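A closer look at the structure
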Amino acid sequence: MKRLPDTEYDVMRVIWTNPSPITTTIIMEKLGNERGWAVPALITMLNRLNEKGFLYSEKKGKMRYYYPLIKKHDYLEFVTNEFMEKYHGGSFTSFFATLFDLRMVSDETLDSFVAWVKQHRQEFRRYIPD
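Figured I'd write up the structure that's included with this text. As the structure is a prediction and not an experimental result, all values here were calculated from the model.

Bringing the packing of aromatic side chains into the picture now. Scanning the entire structure with this criterion turns up eleven aromatic pairs. When the ring of phenylalanine 83 is compared with that of phenylalanine 95, the centres are 6.1 Å apart and the planes differ by 90°; the resulting orientation is edge-to-face. Taken together, the residues phenylalanine 83 in helix 4 (residues 72-88) and phenylalanine 95 in helix 5 (residues 92-101) connect sequence positions twelve residues apart. In this structure phenylalanine 83 comes out as partly exposed when scored by relative accessible area, which is 35%. Residue phenylalanine 95 is classed as partly exposed on the basis of its relative accessible area of 21%. The structure contains a cluster of three or more aromatic residues connected by ring pairs, namely Phe83, Tyr87, Phe92, Phe95, Phe96 and Phe113. The residue whose ring lies beneath lysine 60 is tyrosine 65, and the NZ or CZ to ring-centre distance is 5.6 Å.

The following block contains the structure:
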């Protein structure tokens with residue numbers, strides 16, 4: 001899997017957040033109008049996503065229907081792991097410290113994160129060797 005350009009990710013985001021299958025018309029209504037894209041530009045992006053294995057498409061009559069082949073969760077897991085390795089050497093501490101240094105971590109965010117870790121502690125223990 002490869003990281004998508006922002007424009008293709010925006011198209012996939014619309015596809016992931018709407019019932020499948022989705023048509024070009026619906027994608028244009030959700031995204032194309034706000035972006036000022038012409039239909040041919042959207043079709044080009046959809047064809048690229050199809051070639052990259054993110055979509056399956058089929059034509060029924062005059063309509064083309066698109067089905068996601070990659071789940072949003074799987075893609076986000078891939079790009080997050082890539083980001084963490086590239087910029088933080090896989091270290092969550094480095095990542096969180098950067099957020100903290102940028103003052104992007106409020107007390108509420110920190111409290112929420114600590115509560116989340118406590119809630120998932122048992123799950124984490126499966127991945128930590130004894």
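For the rest of this paragraph, the subject is helix 4. Because the α-helix completes a turn every 3.6 residues, residues three or four places apart line up on one side. End to end, helix 4 covers 23 Å across 17 residues, agreeing with the expected 24 Å (1.5 Å per residue, within 8%). On its buried side, helix 4 packs onto helix 1 (6-16) and helix 5. Of the residues one or two after helix 4, glycine 89 is the one with positive phi, at around 55°.

Bringing the pattern of salt bridges into the picture now. Taken as a whole and judged by the stated rule, the model has five salt bridges. The salt bridge involving arginine 48 is made with glutamate 8; its shortest N-O contact spans 3.4 Å. With arginine 48 in helix 3 (residues 39-51) and glutamate 8 in helix 1, the pair connects residues that are 40 residues apart, well separated along the chain. By relative accessible area, which is 38% here, arginine 48 ends up partly exposed. Owing to a relative accessible area of 2%, glutamate 8 belongs among the buried residues under this scheme. Its salt-bridge partner being lysine 60, residue glutamate 58 comes within 3.4 Å of it at the nearest N-O pair. Look at the salt bridges and you will find they share partners, linking Glu8, Arg48 and Lys52 into a network.

Reading the values: rules and limits
- Residues numbered from 1 in each chain as written.
- Predicted model: local features only at pLDDT ≥ 70, side-chain atom pairs only at ≥ 80, totals over all residues.
- Heavy atoms only, no water.
- Phe/Tyr/Trp six-rings, centres within 6.5 Å; stacked < 30°, edge-to-face > 60°.
- Helix = DSSP H or I, 4+ residues; strand = E, 2+ residues; numbered from the N terminus.
- Buried < 20%, exposed > 50% of the residue type's maximum accessible area, 1.4 Å probe, protein only.
- Lys NZ or Arg CZ within 6 Å of the ring centre and 35° of its normal.
- Expected span 1.5 Å × (residues − 1).
- Contact = heavy atoms within 4.5 Å.
- Salt bridge = Lys/Arg side-chain N within 4 Å of Asp/Glu carboxyl O.

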